[in-house]
Structure formats: C-alpha cells, structure tokens
Amino acid sequence: DGSFARRLLFVRRPLMRVPSLCIHLRTAEEREKFAPNKETHLAPILACAVSEALNADKPSASSLGGRHAPELLRVIGEELGCAPGDVLDFDLTLCDTQPSATWGLADEFLSAPRLDNQLTCYLAMLALIDHAKEAPPSQPDVAMIALFDHEEVGSGSAQGACSTVMSDALQRVSSCFAPDERHASVEALSKTARRSFLMAADLAHAVHPNYAEKHEKEHAPKLNSGTVIKSNDNQRYATNDATGFVVRELARLAGLTVQEFMVKNDCPCGSTIGPLISQSTGLRTVDIGAPCLSMHSIRETVGVADVENYLQLMKAFFGRFAELEGKCNFGLEFGAVRLASMSVCQPSVKAPAA
C-alpha cells in the first residue's frame, strides 16, 4: 500500500564468524599481544565462492545499491518473511548465538553474552513490575526506570544518557503534580530534582582470582557475595557518603549483603552514566552493580546468588526508600513529588538477550 515499517530481527542460527589467526602464522611480536587491525582483521565470514555457486539458481536479491551482499539480504528477507527487494536498509549487530549457561561444581556461576548491562535492565523491570503490584494506592513517590543506549561509545545520542531523556521525564512527571498556576511547573521540577534519588546500576568489576593484584585488597568484590557500591574520588562514579549510606542501610533493612569497590590509585578506572545524569539533572546519585568477571568479553560471568541479591536490593529501593529518607536529617525536603529512579545503560544490540 506504499507504506513503510521497521521490523525487529533476531537471527538465532549461527550465520557469521570472525576467525582468529592461528598461532603458527604469527610473528614472535604478534604472539605477545592481541592487537588486530580493526579495519582488515575483523571482517566476518558469511559465505564462500562454493556457496555462491550452489545458490546461483535462487532468485537474485537487491544489494541496496551495491552496499550489501545479496546473499545476506536473502537471509534477512527469509527471516522477516518478505522479498529481499523489500528490505530498504538495516542496522544489524553481530552477537554470540550460544545459549546462556550456569556452571561450576554447584552451578553457582552464570555465563552469557551481554550481561553488562542487560542483566540490570531485566532485573530493574522485574523490580518495577513487582513494586507496582505491591505498592499501596497512597504511595507518595513515583518509581521509574530509565534504560539508555550507547553507553559504551560515550552516551552521546538521542537515546543515550547525555540526551534530554532523563530531564524530559523529570519535567513531564513533576508537571503532573504542579498546580495550574504560572511558573508552577518550573518550580515543581526544581523541587522534584532536589528530592529525588537516582540509583545508577551497571555491572561492577569482581576480583579476578588470577589477577588479584589489580584490586585494592579492601575493595575486592567477590562473586556471589552481594551487590557492589562503586566509589571514586575523581567522580568516575557518582557515589558520595550520603548516597552510599542509603544503599547500605536499605541492604541492612532487607537482610542483604553489599560490597565496596574503589579502584587502586595506580590503575585506570571506568565510568558509568551515573555522573553524566547527576551532572545534568542535579539528582542525588549512587553507582551500584552486580560483580562480574570478563566484562566486555563476548561471554561475561556473574554469580547466581548475586542475581537474586541485585533484584532484592532494587525492590528494597523502590519499596523502602521513602521511609528511610524520612529518618535521615541530611536530605532536602521541599514538599514536591519524589522520584525513586533507577538509571540503567543498555548496550547497542538489536535483539533481546536469550
């Protein structure tokens, strides 16, 4: 009918592979480090000339002006149930097709692709859904989660943490509670920002048993030992004394364990979207995360017990933050709506994690 539509695509079968160069063909210098040329060494293999010859009798597919392989367009069309020529453009990301797995003598570890940070995204949604079911109608706070894209490449996009998404959400929610008077919505936004609390949730670095020297001995989070509170004097994390206390006390009230992480002074430190959002909105912020091994590898590992701990801490935050803050004399109270908010970075993938 002449209309256009966007479709979500997840090809579950193995389709491509980026093979590494065998050690026998590497020089002594190349063997000492993993430093592939990103332009020439990481192109995936999709097919070979033999495959192309066997498929020569199949209908030809448009190549979108020569920008894409016709064979790939044919697969996309088959997956979407449309003709290859109907595919006008696409944005696809390679991902691991192997299923997630628990392992270890007691099945106490979970390995899966994209745990950083889809594990947090999934648990945050579960926590919010459970809170919505359990919270009384008289609940004074607004609970929300914010899932952002492109955190690993700087967050500078329309859907990244540096966008106006969080500020717009604050403005729209607070205006719903503002009186119908001139400038009331602006004042409500300012009051809401001062009363609100942001829990920036992203996975944390667990101590690696083979590289224990990379962690400061008093800040070495272990798998299956609780959610991690992340601090950094250079503001790479947004945690301060007051916001860190809130998480520790919520954990105590819920009977949960938490761990502490601060990077060694002689070691570089990553960052999260916590400082970015705190800077742009003025929200009180704490950085937390479940401990993880092999972060940013194609398969990451977390502790099975930490998954439940992480979820219960999020639920405690949504359910008990207002009560706890009422007992704290170091907060700012202006009589406006309060947002108990979780901010979560979402990787740039085009398919839900299995």
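Quick caveat, the model's predicted, so the values are computed rather than measured.

The rules behind each value
Residues numbered from 1 in each chain as written. Predicted model: local features only at pLDDT ≥ 70, side-chain atom pairs only at ≥ 80, totals over all residues. Heavy atoms only, no water. Salt bridge = Lys/Arg side-chain N within 4 Å of Asp/Glu carboxyl O. Helix = DSSP H or I, 4+ residues; strand = E, 2+ residues; numbered from the N terminus. Buried < 20%, exposed > 50% of the residue type's maximum accessible area, 1.4 Å probe, protein only. Core = buried A, V, L, I, M, F, W, Y, C linked by side-chain atoms within 4.5 Å. Contact = heavy atoms within 4.5 Å. Pairing = 2+ DSSP bridges. Phe/Tyr/Trp six-rings, centres within 6.5 Å; stacked < 30°, edge-to-face > 60°. Axes fitted to C-alpha atoms, helices over the stretch in contact; angles between N-to-C directions. Patch = residues over 30% accessible without salt bridge, like charges linked within 9 Å, V, L, I, M, F, W, Y side chains within 5 Å. Areas by Shrake-Rupley, 256 points an atom, 1.4 Å probe, with all protein chains shown as cover. Expected span 1.5 Å × (residues − 1). Polar contact = N/O pair within 3.5 Å; in protein donor to acceptor, adjacent residues only side chain to side chain. Right-handed = clockwise from strand over helix to strand, strands pointing away.

### Brief notes about the pattern of salt bridges
Logical step 1: All chains considered together, the criterion is met by 7 salt bridges.
Logical step 2: A salt bridge links Arg-299 to Asp-96, with the shortest nitrogen-to-oxygen separation between them at 3.0 Å. A residue pair is termed long-range when its members are at least 10 positions apart, and Arg-299 in the loop between β9 (291-293) and β10 (300-303) and Asp-96 in the loop between α3 (70-80) and β1 (101-103) qualify at 203 residues.
Logical step 3: Exposure remark for Asp-96: the relative accessible area of 11% places this residue in the buried category.
Logical step 4: Among the ionic pairs, Glu-260 bridges to Arg-248, the shortest N-O distance being 2.6 Å. Taken together, the positions of Glu-260 in strand β7 (residues 258-261) and Arg-248 in helix α7 (residues 241-254) put the pair 12 residues apart, joining distant regions of the chain.
Logical step 5: By relative accessible area, Arg-248 is classed as partly exposed at 33%.

### Focus on the nonpolar core
Logical step 1: Counting 32 residues, the largest nonpolar core has Leu-203, Ile-288 and Tyr-310 as the members making the most contacts within it.
Logical step 2: Mapped onto this core, the elements with two or more residues apiece are β2 (109-112), α4 (115-134), β4 (197-201), α7, β8 (284-289) and α9 (304-325).
Logical step 3: Take this core: its biggest share by element is 8 residues, from α9.
Logical step 4: In this view, Tyr-310 contacts Thr-120, Leu-123, Ala-201, Asp-202, Leu-203, Thr-227, Ile-288, Gly-289 and Ala-290; residues no more than four positions away in its chain are not counted.
Logical step 5: Core analysis: the next-biggest nonpolar cluster, separate from the first, contains 10 residues, Ala-161, Met-166, Leu-170 and Ile-273 among them.

### Here's the deal with the pairing of β2
Logical step 1: In β2, alternate side chains face the same way, and those of Phe-109 and Ser-111 on one face and Leu-110 and Ala-112 on the other are all buried.
Logical step 2: Here 3 bridges tie β1 to β2, and the two strands are oriented antiparallel to one another. Among the inter-strand pairings, Thr-102 is bridged to a residue of β2, identified as Leu-110.
Logical step 3: Connecting β1 to the antiparallel partner β2 that follows it, the hairpin turn spans 5 residues, and Gly-104 within it adopts a positive phi of roughly 100 degrees.
Logical step 4: Here β2 pairs with β10 via 4 bridges, running antiparallel. By the bridge assignment, Leu-110 is partnered in β10 with Val-302.

### Remarks on the packing of aromatic side chains
Logical step 1: What the rule picks out here adds up to 6 aromatic pairs.
Logical step 2: An aromatic cluster of at least three residues, connected via ring pairs, comprises Phe-197, Phe-317, Phe-318 and Phe-321.

### Observations regarding the sheet that holds β2
Logical step 1: If you trace the 5 strands from one edge of the open sheet to the other, you get β1-β2-β10-β9-β5, paired in mixed fashion. This sheet does not close on itself; its edge strands, each paired only once, are β1 and β5 (204-205).
Logical step 2: For β9 and β10, the ladder comprises 2 bridges, and the chain directions are antiparallel. Bridge assignment links Cys-292 to a residue of β10, and that residue is Val-302.
Logical step 3: Relative to β10, α4 is tilted by about 40 degrees, and along the sheet it contacts β2 and β10.
Logical step 4: On top of the sheet, α9 reaches β1, β2, β9 and β10; it is set at about 70 degrees to β10, its chief contact.

### Points about a nonpolar patch on the surface
Logical step 1: A grouping of Tyr-122, Met-125, Ile-129 and Leu-147 is seen on the molecular surface, where their side chains present a nonpolar patch of about 380 Å² in accessible area.
Logical step 2: Broken down by element, the residue count for the nonpolar patch peaks at 3 residues, all from α4.
Logical step 3: Structurally, Leu-147 can be placed in strand β3 (residues 141-148).
Logical step 4: With a relative accessible area of 37%, Leu-147 lands in the partly exposed category.

### Section: α7
Logical step 1: Along its 14 residues, α7 runs 20 Å from first to last C-alpha, staying within 8% of the 20 Å computed at 1.5 Å per residue.
Logical step 2: Among all positions in α7, only Thr-243, Gly-244, Val-246, Val-247, Glu-249, Leu-250 and Ala-251 are buried.
Logical step 3: Next to the buried residues of α7 lie β4, β6 (227-230), β7, β8 and α9.
Logical step 4: Where α7 begins, one side-chain oxygen reaches toward the backbone nitrogen of Ala-242, 3.0 Å away; that side chain belongs to Asn-240.
Logical step 5: Of the residues one or two after α7, Gly-255 is the one with positive phi, at around 70 degrees.

### Brief notes about the pairing of β6
Logical step 1: Here β6 shows no split at all, with Thr-227 and Ile-229 on one side and Val-228 and Lys-230 on the other all buried.
Logical step 2: Relative to β7, β6 is paired through 4 bridges, and the arrangement is parallel. The residue bridging Lys-230 from the neighbouring strand is Phe-261, located in β7.
Logical step 3: One crossover worth recording links β6 to the parallel β7 by way of α7, and it is right-handed.
Logical step 4: Sheet topology places β6 next to β8; 3 bridges connect them, and they run antiparallel.

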